[in-house]
Amino acid sequence: MFKPSFTKTAVLLASVLMAGAVSAKEMKVGFVNVRAVFSQLPQATKVQETLKTEFGAKFAEMQKLESDLKFNIEKYKRDGSTMSEAQKKELQAAIEKQQQQYEPMARSLEESYRQRQGEENNKLMGLVKTAIDAIAAKEQYDVILNAEAAVFAKPEYDISSAVVAQVSKAK
């Protein structure tokens, strides 16, 4: 039992050493700051404008309901002691009704907004990935890393500005 595992280890070690010797050629490595690229893209601004247009009316409706709810809660706190029991019950019923409307509306709207934002960001990420691939092929990079994964990298290896330029040209 001892011999086979020792033999396997020796073969594995020899393979690794030979692979290291064979791949002794110099590698061309670059990095890209994807987060910075996204913030600089004109398409990202268009996405935000599109989402604002698409969801603006719904957010305004939700904000109006929220402000009405806050107003009624403040009114109850402020004037509750001087109100009759009927007025208190009526205001409490209005507050409960507004809360029942607000909570699912806010949850649904937030979920819809995040989903649409994710869809649009995935489209942009596809453009960024295509640009990175094209730059890597054109300039013969062996490896492109995300800047967030690199502990240290010299600025001359940063291809972020080239990615922004390439994606900005795309429609």
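Residues numbered from 1 in each chain as written. Predicted model: local features only at pLDDT ≥ 70, side-chain atom pairs only at ≥ 80, totals over all residues. Heavy atoms only, no water.

### Observations concerning helix 5 (residues 160-169)
At step 1: Of all the positions in helix 5, only S160, V163, V164 and V167 are classed as buried. Each buried residue of helix 5 sits inside an arc of 100° when the element is viewed along its axis, so together they form one side. In helix 5, the exposed residues that point more than 90 degrees away from the buried face are S161 and K169. (Buried < 20%, exposed > 50% of the residue type's maximum accessible area, 1.4 Å probe, protein only. Helix = DSSP H or I, 4+ residues; strand = E, 2+ residues; numbered from the N terminus. Arc of directions from axis to C-beta.)

### Side note on the nonpolar core
At step 1: With 26 residues, the main nonpolar core has V32, V37, L41, V128 and V163 as its most contacted residues.
At step 2: For this core, the elements supplying multiple residues, two or more each, are helix 2 (34-40), helix 3 (42-79), helix 4 (85-138) and helix 5.
At step 3: When residues in this core are grouped by element, the largest group, ten residues, is from helix 4.
At step 4: If we ignore the near neighbours within four places in the chain, the residues touching V163 are V32, V37, V128, A131, I132 and I135. (Core = buried A, V, L, I, M, F, W, Y, C linked by side-chain atoms within 4.5 Å. Contact = heavy atoms within 4.5 Å.)

### Quick notes on a nonpolar patch on the surface
At step 1: Residues M27, V29 and L145 make up a contiguous nonpolar surface patch of about 240 Å² in total accessible area.
At step 2: Tracing the chain through its elements places V29 in strand 1 (residues 29-32).
At step 3: Judged by relative accessible area, V29 falls into the partly exposed class, the value being 33%. (Patch = residues over 30% accessible without salt bridge, like charges linked within 9 Å, V, L, I, M, F, W, Y side chains within 5 Å. Areas by Shrake-Rupley, 256 points an atom, 1.4 Å probe, with all protein chains shown as cover. Salt bridge = Lys/Arg side-chain N within 4 Å of Asp/Glu carboxyl O.)

### Let's talk about the confidence of the model for the protein chain
At step 1: Here the protein chain shows a mean pLDDT of 86. Residues at 70 or above account for 85%.
At step 2: Model confidence for the protein chain, summarised as mean pLDDT per element, is weakest for helix 1 (residues 2-22) at 48 and strongest for helix 4 at 94.
At step 3: Throughout residues 1-8 the model reports pLDDT below 50, and contacts reaching past four residues in sequence, or to other chains, amount to zero contacts.
At step 4: Low pLDDT (under 50) marks residues 10-14, which in the prediction has zero contacts with non-local residues, meaning those over four places away or in another chain. (pLDDT = per-residue confidence, 0-100.)

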